[in-house]
Amino acid sequence: LSQVEAGGLEIQLQPMQPITLLERVYHAYQPIAAREGVQLQLEVPESAPYILVDEGRMLQVLKNLLDNALRYTPQGGLIRLDIVVNDKVQLRVTDSGAGIEAEDLPYVFDRFYRADKARMANAGKMGLGLAISKALVNAQGGQISAESAGKDQGTTMIVTLNPTGMQEGNSPIA
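Residues numbered from 1 in each chain as written. Predicted model: local features only at pLDDT ≥ 70, side-chain atom pairs only at ≥ 80, totals over all residues. Heavy atoms only, no water.

Participant: I tried to follow helix α2 (residues 18–36) on my own but got confused; where do I start?
Facilitator: Over its 19 residues, α2 extends 26 Å from the first C-alpha to the last, a length consistent with the 27 Å expected when each residue adds 1.5 Å. Where α2 bends most, at tyrosine 29, the angle is about 40°, and the proline proline 31 comes one to four residues later. Inspection of α2 places Pro18, Ile19, Leu21, Leu22, Val25, Tyr26, Tyr29 and Ala33 among the buried residues, and these make up the whole buried set. Residues of α2 that are buried in the fold lie against β1 (14–16), β2 (39–43), β3 (51–53), α3 (55–72), β4 (78–85) and β5 (89–95). Once α2 ends, the next one or two residues include glycine 37, with phi positive near 75°. (Helix = DSSP H or I, 4+ residues; strand = E, 2+ residues; numbered from the N terminus. Expected span 1.5 Å × (residues − 1). Bend = angle between axes of the 7 residues up to and from the residue. Buried < 20%, exposed > 50% of the residue type's maximum accessible area, 1.4 Å probe, protein only. Contact = heavy atoms within 4.5 Å.)

The following block contains the structure:
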């Protein structure tokens with residue numbers, strides 16, 4: 001985290017299809033979710049504009065968001081990965097889990113912040129995952145945010161990135 005914040009982490013941006021990113025984490029996490037008794041859904045459009053990202057770093061962010069979603073989604077719950085395209089490209093991880101109270105939402109990306117200090121799902125965790133995710137997304141020119149209707153209402157984590165202007169089917173190499 002300190003390395004990213006100090007600008008010491010090498011970020012190699014390249015045009016990438018966001019659908020590919022979500023498909024990769026979906027396939028990696030499908031067996032894990034099934035083992036936990038959680039349904040994992042992938043809902044992506046037929047095409048989406050390319051985004052400029054460091055593939056490895058963005059996969060790290062998405063895996064962290066999925067780890068958190070699995071940690072707070074009970075057996076029988078649902079996690080959905082989807083993409084929303086408007087003037088920006090949003091990669092979203094939505095769960096039907098524990099949710100986040102409105103007063104805690106502004107702080108979930110702060111270092112060491114925990115909304116529920118007694119929550120057993122956090123056992124052994126340092127509270128740095130979302131702070132690292134935020135730093136990595138920011139280093140790639142994006143933004144990350146969280147939405148929740150409150151306790152037990154689930155959470156949506158949203159990574160917002162600028163499209164490159166290239167559409168699927170166009171060569172990402174000039």
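So that's the structure; there's more coming.
Participant: How should the sheet that holds strand β7 (residues 155–161) be read in this particular structure?
Facilitator: Strand order in the open sheet made by the 5 strands is β2-β4-β5-β7-β6, with mixed pairing throughout. Each edge of the open sheet carries a strand with a single partner, namely β2 and β6 (143–147). Looking at each pair of strands side by side, their axes are set apart by 15° on average, direction ignored. Looking at chain direction, β4 and β5 are connected through 7 bridges and run antiparallel. What sits directly across from leucine 81, in β5, is valine 93. Packing of α2 onto the sheet brings it into contact with β2, β4 and β5, and relative to β2 it is tilted by some 165°. Strand contacts of α3: β2, β4, β5, β6 and β7, with the helix running at about 25° to β5, the strand carrying the most contacts. (Pairing = 2+ DSSP bridges. Axes fitted to C-alpha atoms, helices over the stretch in contact; angles between N-to-C directions.)

Participant: It is not clear to me how the nonpolar core should be interpreted in this structure. Could you clarify?
Facilitator: One recurring pattern in soluble globular proteins: nonpolar side chains tend to sit buried together. Residues Leu21, Met58, Leu91 and Val159 are the most contacted members of the largest nonpolar core, which totals 40 residues. When contributions to this core are tallied by element, the ones reaching two or more residues are α2, β3, α3, β4, β5, α4 (129–139), β6 and β7. With 8 residues, the single largest contributor to this core is α3. Not counting the four nearest positions on each side in its chain, methionine 58 is found in contact with Leu21, Val53, Leu91, Val137, Gln140, Val159 and Leu161. (Core = buried A, V, L, I, M, F, W, Y, C linked by side-chain atoms within 4.5 Å.)

Participant: Sorry, what's going on with α3 here?
Facilitator: An α-helical segment advances 3.6 residues per turn. Residues three or four places apart therefore align on the same side. In this model α3 runs 26 Å from its N-terminal to its C-terminal C-alpha over 18 residues, within 8% of the 26 Å that 1.5 Å per residue would give. For α3, the N-terminal capping position is held by aspartate 54, with its side-chain oxygen 3.2 Å away from the main-chain nitrogen of glycine 56. (Polar contact = N/O pair within 3.5 Å; in protein donor to acceptor, adjacent residues only side chain to side chain.)

Participant: Mind showing me how you'd approach the packing of α2 against α3 here?
Facilitator: Packed helix pairs are specified by the crossing angle of their axes together with the interaxial distance, meaning the distance between the axes. Contact geometry of α2 with α3 gives a least axis separation of 10 Å together with a crossing angle of 25°. The angle between α2 and α3 falls in the class roughly parallel. Pair α2 / α3 crosses with right-handed handedness. Seen from α2, the contacting residues are Leu21, Leu22, Arg24, Val25, Tyr29, Ile32, Ala33 and Glu36; seen from α3, they are Glu55, Met58, Leu59, Leu62, Lys63, Leu66, Asp67 and Leu70. (Parallel < 35°, antiparallel > 145°, perpendicular 65-115°, else oblique. Left-handed = near helix turned anticlockwise from the far one by under 90°.)

Participant: Would you explain the pairing of β5 in this entry?
Facilitator: Within a regular beta strand, the side chains point alternately toward one face of the sheet and then the other, so they alternate between its two faces. Across the 7 residues that make up β5, a large majority, 7, are buried. Of the two faces of β5, the one carrying Val89, Leu91, Val93 and Asp95 and the one carrying Gln90, Arg92 and Thr94 are both buried. Linking two consecutive strands that pair antiparallel, namely β4 and β5, is a turn of 3 residues. Bridge count between β5 and β7: 7 bridges; the pairing is antiparallel. Bridge pairing in β7 places aspartate 95 opposite threonine 155.

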